[in-house]
Amino acid sequence: EAGVAQSPRYKIIEKRQSVAFWCNPISGHATLYWYQQILGQGPKLLIQFQNNGVVDDSQLPKDRFSAERLKGVDSTLKIQPAKLEDSAVYLCASSRGGVGEQYFGPGTRLTVT
Amino acid sequence: DQQVKQNSPSLSVQEGRISILNCDYTNSMFDYFLWYKKYPAEGPTFLISISSIKDKNEDGRFTVFLNKSAKHLSLHIVPSQPGDSAVYFCAASKSGTYKYIFGTGTRLKVLA
């Protein structure tokens, strides 16, 4: 079974530029999550999808962040415009739904200069 | 408001000894808990979980203990091996939400 795929693995941009991350979850997993992990902290949930519907986006800074999961499969997370404090690792995870473990991708390390 | 806390940022243990990693939570509605292990440049990988109907769950060298009255859980690794050196995160969830709150992590170093 292929794992959660993310791209790119690394990205360096200047502040006020835009950036997009892509995630392809494990086949058949209904629930997809985007997390932000700032250095020295635990992953913080940004948005949670169930199929192609948003379940929770309460911690997503909607003035600059957006995410979509078209057709209930892969997903993109966009930041526009980026700020210095957006420097972090962005993790995508998926699960079958229900209580149980999430499977994480390798993450995208974003550096905003 | 940090609902899940791991108060020890780092821990060093000799190979073969027991590693004990601790996690505290504040929300009494949490009823499912997980531990993840993370190596550098990789995403977290699931290690072990426990439901609030249990107070202990064991899987090989890994055991998680849950003390609901103290809102505390711990992960025991026995015996510790150098390959266990990683950052360990605990996470908590409320039934039906499928949403997990993560702690800040504890970096474990197992010395050969």
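It should be emphasised that the depicted structure is a prediction, and the values quoted were computed from it without experimental measurement. (Residues numbered from 1 in each chain as written. Chains lettered and ligands numbered in written order. Predicted model: local features only at pLDDT ≥ 70, side-chain atom pairs only at ≥ 80, totals over all residues. Heavy atoms only, no water.)

Enquirer: Which residues make up the packing of aromatic side chains, and what values do they have?
Expert: This model, assessed by the stated rule, comprises eleven aromatic pairs over all chains. When the centroid spacing of 5.6 Å and the interplanar angle of 45° are considered together, the rings of Tyr36(B) and Phe102(B) count as tilted. With Tyr36(B) in strand 4 (residues 32–38) and Phe102(B) in strand 10 (residues 100–102), this pair connects stretches of sequence that are 66 residues apart. By relative accessible area, Phe102(B) is classed as buried at 4%. Clustering of aromatic rings is evident, with ring pairs tying together Tyr33(A), Tyr35(A), Phe104(A), Tyr36(B), Phe46(B) and Phe102(B). (Phe/Tyr/Trp six-rings, centres within 6.5 Å; stacked < 30°, edge-to-face > 60°. Helix = DSSP H or I, 4+ residues; strand = E, 2+ residues; numbered from the N terminus. Buried < 20%, exposed > 50% of the residue type's maximum accessible area, 1.4 Å probe, protein only.)

Enquirer: Residue-level account of the nonpolar core, with values.
Expert: Residue and element names in this part refer to chain B. One finds Phe-33, Trp-35, Leu-73, Leu-75 and Tyr-88 to be the most contacted residues of the largest nonpolar core, which totals 23 residues. Looking at this core, the elements that each hand over two or more residues are strand 3 (19–25), strand 4, strand 5 (45–51), strand 7 (62–67), strand 8 (72–77), strand 9 (86–93) and strand 11 (106–111). It is strand 9 that provides the largest number of residues to this core, a total of four residues. Setting aside its immediate chain neighbours within four residues, Leu-73 contacts Leu-21, Asn-22, Cys-23, Tyr-25, Phe-33, Trp-35, Val-64, Phe-65 and Leu-66. (Core = buried A, V, L, I, M, F, W, Y, C linked by side-chain atoms within 4.5 Å. Contact = heavy atoms within 4.5 Å.)

Enquirer: Would you mind going over the pairing of strand 5 (residues 44–50) of chain A in detail, with residue names and values included?
Expert: Residues in a regular strand point their side chains to alternate faces of the sheet. Residues and elements named next belong to chain A. Among the seven residues of strand 5, five are classified as buried, and the element is accordingly described as predominantly covered. Hairpin connection, strand 4 (residues 31–37) to strand 5: the antiparallel pair is bridged by six residues, and Gly-40 has positive phi, about 85°. Across three bridges, strand 5 lies against strand 6 (residues 53–56) in antiparallel orientation. By the bridge assignment for strand 6, Gln-50 is matched with Gly-53. Once strand 5 ends, the chain turns through two residues before running back antiparallel as strand 6, passing Asn-51 with a positive phi of about 55°. (Pairing = 2+ DSSP bridges.)

Enquirer: Tell me about the state of the cysteines, and please be specific about residues and values.
Expert: The tally for this structure, following the rule as stated, stands at two disulfides over all chains. Paired through a disulfide, Cys23(A) and Cys92(A) show a sulfur-sulfur distance of 1.9 Å. In this structure, the disulfide formed by Cys23(A) and Cys92(A) twists by about -70° around the S-S bond and is classed as left-handed. Highlighted residues: Cys23(A) in strand 3 (residues 19–24) and Cys92(A) in strand 9 (residues 88–95), separated in sequence by 69 residues. Classification of Cys23(A) by relative accessible area gives buried; the value is 0%. On the basis of relative accessibility, which here comes to 0%, the residue Cys92(A) falls in the buried class. Here Cys23(B) is linked by a disulfide to Cys90(B), with a sulfur-sulfur distance of 1.9 Å. Handedness of the Cys23(B)-Cys90(B) disulfide follows from its S-S torsion of about 65°: it is right-handed. Here Cys90(B) lies in strand 9 and Cys23(B) lies in strand 3, a separation of 67 residues in the sequence. By relative accessible area, Cys23(B) is classed as buried at 1%. (Disulfide = S-S within 2.5 Å.)

Enquirer: Outline the sheet that holds strand 3 of chain A, listing residues and values.
Expert: Either a parallel or an antiparallel arrangement is found when strands of a sheet pair, and the pairing is made through backbone hydrogen bonds. Residue and element names in this part refer to chain A. Read across the sheet, four strands follow the order 1-3-8-7 without closing on themselves; strand pairing throughout is antiparallel. In this open sheet, the two strands that pair with only one neighbour each are strand 1 (5–7) and strand 7 (65–68). Between one strand axis and the next, the sheet turns by 15° as a mean value, whatever way the strands run. As judged from the five bridges shared by strand 3 and strand 8 (residues 75–79), these two strands associate in the antiparallel manner. Bridging across to strand 8, Val-19 finds its partner in Ile-79. (Axes fitted to C-alpha atoms, helices over the stretch in contact; angles between N-to-C directions.)

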